[in-house]
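Observations on the model geometry
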Amino acid sequence: MKAVKVLAAAAVALLGTSAFAEFKASGYVRSGVESTIVDDDSDADPTSVISTAANGGGKMLGLGADETRFNLDWTEEKAGASLRYTNGDVLSEGATWFNSNKIDYAFAYVNLFDNLLKVSAGKNNGGDAGTEGDAGYDFGGLYGARFTVTPIDGLTVEANISTNNRPTDKHATLDALSAAAKYANDTFSVQAGYAFNGNLYAGFSLYSVENLELYVEANYIDKDIAGFTNKDGEAVASTVLTETVSYTMDTVKFGLVAYQDLTEDNDSMEFYPYVEVKLDNVMEGLSAGVEVAYLTNQNADDDALIGITPEATITVADNAKVQAFYTFGKLDEETTHVIGLGVKYEF
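Residues numbered from 1 in each chain as written. Predicted model: local features only at pLDDT ≥ 70, side-chain atom pairs only at ≥ 80, totals over all residues. Heavy atoms only, no water.

1. Considerations on the packing of aromatic side chains
Put simply, the rule is: Put simply, two rings from Phe, Tyr or Trp (the six-membered ring, in Trp's case) pair if the centres are within 6.5 Å, and we call them stacked under 30 degrees between planes, edge-to-face over 60, tilted for the rest. Secondary structure elements follow DSSP: runs of H or I no shorter than four residues count as helices, runs of E no shorter than two count as strands, and numbering proceeds from the N terminus. Only protein chains enter the accessibility calculation, which uses a 1.4 Å probe; a residue whose area is less than 20% of its type maximum is buried, one above 50% is exposed, and one in between is partly exposed. Only lysine NZ and arginine CZ atoms are considered, and such an atom sits over a ring when it is within 6 Å of the ring centre and within 35 degrees of the ring normal.
Tallied over the full model, the rule gives 10 aromatic pairs. Between phenylalanine 23 and tryptophan 74, the aromatic rings sit 5.5 Å apart at their centres with planes inclined by 45°, giving tilted as the arrangement. Taken together, the residues span a long stretch of sequence, with phenylalanine 23 in strand S1 (residues 22-39) and tryptophan 74 in strand S3 (residues 67-75) at a distance of 51 residues. Judged by relative accessible area, phenylalanine 23 falls into the partly exposed class, the value being 48%. Here lysine 59 stacks its cationic end above the ring of tyrosine 272, 6.0 Å away from the centre of that ring.

Following this line, the structure appears as structure tokens:
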């Protein structure tokens with residue numbers, strides 16, 4: 001790891017002394033409030049809770065849960081450095097901003113041989129060979145070094161030497177290695193990654209149909225590291241499939257996100273169809289949508305959670321949105337009503 005530290009220090013020193021270095025700060029602040037009423041169809045009074053928005057407005061149409069994110073980027077002609085901090089959860093007792101794993105990545109990089117090779121060191125981001133759909137599988141967040149090669153136009157190949165693919169290993173092993181590749185053109189893109197600790201992902205993206213977005217993703221985790229057991233208490237591997245598709249027609253967008261977890265005795269399915277309509281003729285920046293959630297879980301006796309969320313969003317400026325939403329949820333005999341308001345500001 002000494003070589004990794006030397007490389008990172010050299011890149012940062014280069015940035016600090018370059019007259020052409022550029023610094024950029026960006027991010028967002030996202031917050032909201034919602035009131036939740038739960039009726040379990042018993043003689044007891046319904047329960048009511050007011051809290052910050054968990055995921056108001058739906059999975060695909062919602063502004064998202066409470067979260068603050070800062071991105072810091074330094075770029076120079078042949079080098080750079082990036083850091084991203086995300087604060088989305090309440091800190092546990094004794095935790096601080098810097099020891100709670102809230103720094104998503106912090107790394108430096110250099111471009112060599114006329115940008116043919118990029119070498120990164122630190123806590124790396126997801127790189128350039130991850131899947132492109134809603135799941136976004138990659139080998140980001142690992143401490144170590146990454147070597148990225150672009151031998152021909154459209155092809156990216158990455159190799160990672162990491163320290164925490166298997167946290168119990170204190171010495172370098174094959175489990176610390178991973179590789180990923182992506183090929184993209186104007187018609188389609190394919191992505192794949194393999195980690196020697198037992199993690200494999202693959203993805204396909206289609207670009208050739210106008211106004212259509214289509215992504216298919218798969219992720220496999222070996223039984224030794226997946227953390228799942230079957231009904232007999234045996235360790236089992238995890239396999240998850242994700243499909244993301246949307247079609248835009250004038251001012252209307254139709255979409256669907258679907259997940260299938262095929263893990264033995266832990267299987268589940270999630271479907272999120274939605275439609276969104278721009279209503280600029282009513283009010284500038286106004287859009288309205290409806291999302292339906294359908295979730296099943298093998299461990300929940302096959303009861304299906306059904307949710308319906310109508311929402312309205314006003315884009316106040318290019319970097320600011322306000323959203324009002326209502327969610328009706330039904331799980332067996334339990335009924336849930338959620339009314340909320342969310343705000344997102346980007347900078």
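Picking up where we left off.
2. Let's talk about the layout of surface pockets
Where we set the bar: Both site types are read off a 1 Å grid over the protein atoms alone. A 1.4 Å probe that fits but cannot get out defines a cavity, while an open set with protein on both sides within 12 Å along at least five of seven lines defines a pocket; lining residues have an atom within 4 Å of a point. Grid points are joined across faces, edges and corners, and a volume is the space filled by probe spheres set on the points. Three categories are distinguished: nonpolar for Ala, Val, Leu, Ile, Met, Phe, Trp, Tyr, Cys and Pro, charged for Asp, Glu, Lys and Arg, and polar for the others, with Gly belonging to the last.
Taken as a whole, the largest pocket encloses approximately 620 Å³ of empty space. Lining the largest pocket we find 31 residues, and of these Met60, Leu61, Lys253, Glu276 and Lys321 sit closest to its centre. For the lining of the largest pocket, the class distribution of residues is 10 nonpolar, 10 polar and 11 charged.

3. Looking at the pattern of salt bridges
So the rule is basically this: Put simply, a salt bridge is a Lys or Arg side-chain nitrogen that is within 4 Å of an Asp or Glu carboxyl oxygen.
By the definition in use, this model includes five salt bridges. Aspartate 134 is the salt-bridge partner of lysine 59, the closest N and O atoms lying 3.3 Å from each other. Taken as a pair, lysine 59 in the loop between strand S2 (47-51) and S3 and aspartate 134 in the loop between strand S6 (117-123) and strand S7 (143-149) lie far apart in primary sequence, 75 residues in all. According to the relative accessible area criterion, lysine 59 is partly exposed, its value standing at 31%. Measuring nitrogen to oxygen at the nearest pair gives 3.9 Å for the salt bridge that ties glutamate 158 to arginine 146. Remark: arginine 146 occurs in strand S7 and glutamate 158 occurs in strand S8 (residues 155-162); sequence separation between them is 12 residues. Both residues of the pair, glutamate 158 and arginine 146, count as buried.

4. Considerations on a negative patch on the surface
Selection criterion: Exposure above 30% relative accessible area and the lack of any salt bridge qualify a residue for a patch; like charges then connect within 9 Å, and the nonpolar side chains Val, Leu, Ile, Met, Phe, Trp and Tyr within 5 Å. Throughout, the Shrake-Rupley method with a 1.4 Å probe supplies accessible areas, and for residues the shown protein chains are the sole cover considered. A residue counts as positive if it is Lys or Arg and as negative if it is Asp or Glu; His and the chain ends are not included. For charged residues, the charge sits on one atom: NZ in Lys, CZ in Arg, CG in Asp, CD in Glu.
A cluster of acidic residues, Asp39, Asp40, Asp41, Asp303, Asp332, Glu333 and Glu334, forms a negative patch on the protein surface. Accessibility expressed as a relative area gives 31% for aspartate 303, which makes it partly exposed.

5. Quick look at the confidence of the model for the protein
Applicable threshold: Think of pLDDT as the predictor's per-residue confidence, scored from 0 to 100. Any two residues whose heavy atoms approach within 4.5 Å are treated as being in contact.
For the protein, the mean per-residue pLDDT works out to 87, and 84% of the residues sit at or above 70. Low pLDDT, under 50, characterises residues 1-8; the stretch is placed with 11 contacts to residues that sit more than four places away or in other chains. Low pLDDT, under 50, characterises residues 95-99; the stretch is placed with eight contacts to residues that sit more than four places away or in other chains.

6. Side note on the pairing of S1
Rules: Two strands make a pair as long as DSSP finds a minimum of two bridges between them.
Inspection of the sheet shows S1 paired to S3 by nine bridges, in the antiparallel sense. Across the sheet, glycine 27 pairs through a bridge with phenylalanine 70, a residue of S3. Bridging between S1 and strand S21 (residues 334-346) involves 12 bridges; their strand directions are antiparallel. Along S21, the bridge assignment pairs valine 33 with leucine 341. Where S1 and S2 come together, five bridges link them in antiparallel fashion. Considered in S2, the bridge of serine 35 is made with isoleucine 50.

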